[in-house]
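Given next are the chains, with one letter for each unit.
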Amino acid sequence: PHLAALVLARGGSKGIPLKNIKLLAGVPLIGWVLRAAIDAGVFHSIWVSTDHDEIEKVAKQFGAQVHRRSPEVSQDSSTSLEAITEFLNHHHEVDIVGNIQATSPCLHPSDLIKVADLIQKEGFDSVFSVVRRHQFRWSEVKKGENKMTEPQNLNPAKRYRRQDWPGELYENGSFYFAKRHLIEKGYLQGGKMAYYEMRAEHSVDIDIDIDWPIAEQRVLSFGYFGKEPLKEVKLLVCSIDGCLTNGRIYVTEDHKEMVSYDYRDTVGIDLLKKRGIQVRLISDRDCSKTLSAMQLGCVAKVSVTNKLQVLKDWQEDMGLSWKEVAYLGNEESDVECLKQAGMSGVPADACAAAQKAAGYICKSRGGCGAVREFAEHIFLLLEKVNSARKQ
């Protein structure tokens, strides 16, 4: 049976504008679940249903196909079931839909693989995700009612300790898998049903703006970053023009060149060095005088015609794997380096090709703190590496 992953990503969002492609830990929100779906390797096709051009562009960058939904199912009042039904009406080859929520960025491929087995091998008609909560519930008393609240799932005289109570299962909205015949009857949950219990740390749902910084920290700690495990970064290579500087060159009347840089970026470089990470600089043009004036104390290569070859030479000379190399670039000449490095980033104003190749898109522009921001991102991921080692 044809199992399709389907992510619903409408352009309109009352809570957070264009939430589905807003950057979360340097990656568009929808990118986290698309990465997990692709790496799970259980789907015959992976789709994003959207009514928005920018969402379509991002979806394709991450390897998904796009179903352009109609205006009828793109309203604030439209339901997920209506959008899924429309998708099936246009894709008769699909037998099972795995509806994955874009707002669940801590989803892992291992979860999707197990759910696919429940549907395809164990014969369930529908499977949905849940999380275990240890929360005591009380009845609601509306304003003006002359009554007392009542306990719903506890005896106040014998309150359970957390370790003595198994808790309760709640839908967490991460995914809903269902067979075609069930959806055509108007159900996402029905027939032979099963739930799939996700780990609490992977159960993250973003609904309102206040959730964003919390989710960002959760993703950095528990998110899925790719098939290969992260390694400790030993080398950061940074493109000078457009990353360390803003890319502008000022020419004086006596033909001298001037550039500007952000002091925060020099602090970021110093912090990286203190953590034992080498920082090297690279440029297409001859900016040796500028580097000398900046006094950064970094190995640099200028007038480079092939950045990837220089990067390979440095990597081999230091005896590093690619997973131990980070690269910050911003132009088309940086694209192959961004693809090769284990950790890659670009400033917010990098060209489209560089943004597509990068694993992290900074909020800061080139020459305005992007190097410092990328350094902070590296430090956070190194904490994740160290945590994994301890476990």
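Just so you know, the residues in each chain are numbered from 1, in the order the chain's sequence is written. Only residues with pLDDT of at least 70 get local features here, since the model is predicted, and only at 80 or more are side-chain atom pairs given and counted; chain-wide, interface and lining totals rely on the full set of residues. Only hydrogens and water are set aside; all other atoms, that is, all heavy atoms of the structure, feed into the side-chain values.

Some details on the pattern of salt bridges
Rules: Only one rule defines a salt bridge in this text: a Lys or Arg side-chain nitrogen within 4 Å of an Asp or Glu carboxyl oxygen. Only DSSP runs of H or I covering at least 4 residues are called helices, and only runs of E covering at least 2 are called strands; the numbering of each starts at the N terminus.
Per the stated rule, a full pass over the model turns up 21 salt bridges. Arginine 10 serves as the salt-bridge partner of aspartate 76, at 3.2 Å between the closest nitrogen and oxygen. With aspartate 76 in the loop between strand S5 (65-68) and helix H3 (80-90) and arginine 10 in the loop between strand S1 (3-8) and strand S2 (23-24), this pair connects stretches of sequence that are 66 residues apart. The salt bridge involving aspartate 241 is made with arginine 285; its shortest N-O contact spans 3.1 Å. Residue aspartate 241 is located in helix H7 (residues 240-244), and its partner arginine 285 is located in the loop between strand S13 (278-282) and helix H9 (288-294); the two are separated by 44 residues in the primary sequence. Within the structure, one salt-bridge network assembled from shared partners comprises Asp53, Glu56, Lys60 and Arg68.

Overview of the domain arrangement of the chain
Our working rule: The domain boundaries here were taken from an automatic or database domain assignment. Any two residues whose heavy atoms approach within 4.5 Å are treated as being in contact. Accessible surface is computed with a 1.4 Å probe, and the buried area is the amount of it that two parts give up when combined, taken over both parts together.
Partitioning the chain into domains gives domain 1 (3-222) and domain 2 (235-389). Measuring from the centre of the C-alpha atoms in domain 1 to the corresponding centre in domain 2 gives 37 Å. Of the residues lining the interface, 10 residues belong to domain 1; the matching set on domain 2 comes to nine residues. Where domain 1 abuts domain 2, roughly 820 Å² becomes buried across the two surfaces, and 59% of that area is made up of carbon and sulfur atoms. Inspection of the domain 1/domain 2 interface yields one salt bridge. Residue glutamate 216 is joined to lysine 363 by a salt bridge in which the shortest nitrogen-to-oxygen separation is 3.9 Å. Looking at the side of domain 1 that touches domain 2 element by element, the count peaks at five residues for helix H6 (residues 211-222).

As for the packing of aromatic side chains
The condition that has to hold: Working definition: rings of Phe, Tyr and Trp (its six-membered ring) pair if their centres are within 6.5 Å, and the pair is stacked with planes under 30 degrees apart, edge-to-face with planes over 60 apart, and tilted otherwise. Any Lys NZ or Arg CZ that is within 6 Å of a ring centre and within 35 degrees of that ring's normal is treated as a charge sitting over the ring.
According to the stated counting rule, one finds eight aromatic pairs in the structure shown. Their ring planes at 5 degrees and their centres at 6.3 Å tell us that tyrosine 160 and tryptophan 165 sit as a pair that is stacked. Aromatic rings pair up to connect Phe43, Phe175, Phe177 and Tyr196 into one cluster. The aromatic ring of tryptophan 32 is capped on one face by arginine 35, whose charged end is 5.0 Å from the ring centroid. Lying across the ring of phenylalanine 124, lysine 192 places its NZ or CZ 4.7 Å from the centre.

Quick notes on the pairing of strand S8 (residues 168-179)
Note the threshold: Following DSSP output, two strands are said to pair if at least two bridges run between them.
By the bridge criterion, five bridges tie strand S6 (residues 96-100) to S8 in an arrangement that is antiparallel. Bridge pairing in S8 places glycine 98 opposite phenylalanine 177. Pairing of strand S7 (residues 126-133) with S8, which is carried by seven bridges, proceeds in the antiparallel orientation. Directly across from arginine 133, in S8, lies its bridge partner glutamate 168.

A few points about the nonpolar core
Filter applied, for reference: For the purposes of this section, nonpolar cores are sets of buried Ala, Val, Leu, Ile, Met, Phe, Trp, Tyr and Cys residues that join through side-chain atoms within 4.5 Å. Accessibility here uses a 1.4 Å probe with only protein chains present; expressed as a share of the type maximum, an area under 20% marks a residue as buried, one over 50% as exposed, and anything in between as partly exposed.
Counting 42 residues, the largest nonpolar core has Leu281, Phe374 and Ile378 as the members making the most contacts within it. Here this core gets eight residues from one element, more than from any other, and that element is helix H13 (residues 370-390). Residue-level mapping places this core at the junction of two domains, with at least three residues from each of domain 1 (3-222) and domain 2 (235-389). In this structure phenylalanine 374 touches Leu236, Ala326, Tyr327, Leu328, Met343, Ser344, Gly345, Tyr360 and Cys362, once residues within four positions along its chain are discounted. Within the second largest apolar cluster, 37 residues are counted, among which are Leu3, Ile21, Val42 and Ile119.

Some remarks on the environment of valine 33
On the secondary structure map, valine 33 appears in helix H1 (residues 29-40). What makes valine 33 buried here is its relative accessible area of 0%. As a C-alpha pair, valine 33 and leucine 188 span 155 residues in sequence and 20 Å in three-dimensional space.

Let's talk about H1
Most of H1 sits out of view: 10 of its 12 residues are buried. If you check which residues of H1 are buried, you get Leu29, Ile30, Gly31, Trp32, Val33, Leu34, Arg35, Ala36, Ala37 and Ala40. One or two positions beyond H1, positive phi appears at glycine 41, with a value near 70 degrees.

What to know about the packing of H1 against helix H4 (residues 109-120)
How two helices sit against one another is set out by the angle between their axes and by the gap between those axes. Definition in use: Axes here mean lines fitted to C-alpha atoms, for a helix over just the part in contact, with angles spanning 0 to 180 degrees between N-to-C directions. For classification purposes, angles smaller than 35 degrees are called roughly parallel, those larger than 145 roughly antiparallel, those between 65 and 115 roughly perpendicular, and all remaining angles oblique. Should the near helix be turned anticlockwise from the far one by less than a right angle, the crossing is left-handed, and should it be turned clockwise, the crossing is right-handed.
Put simply, H1 and H4 touch, their axes get as near as 8 Å, and they point 55 degrees apart. The angle between H1 and H4 falls in the class oblique. Relative to H4, the crossing made by H1 is right-handed. Side by side, H1 and H4 meet where Ala36, Ala37, Asp39 and Ala40 of the first sit next to Pro109, Leu112 and Ile113 of the second.

Topic: the sheet that holds strand S15 (residues 325-328)
Sheet architecture is open: six strands sit in the order S14-S13-S10-S15-S16-S17, paired in parallel fashion. Both outer strands of the open sheet, strand S14 (299-301) and strand S17 (360-361), are each paired with one neighbouring strand and no more.

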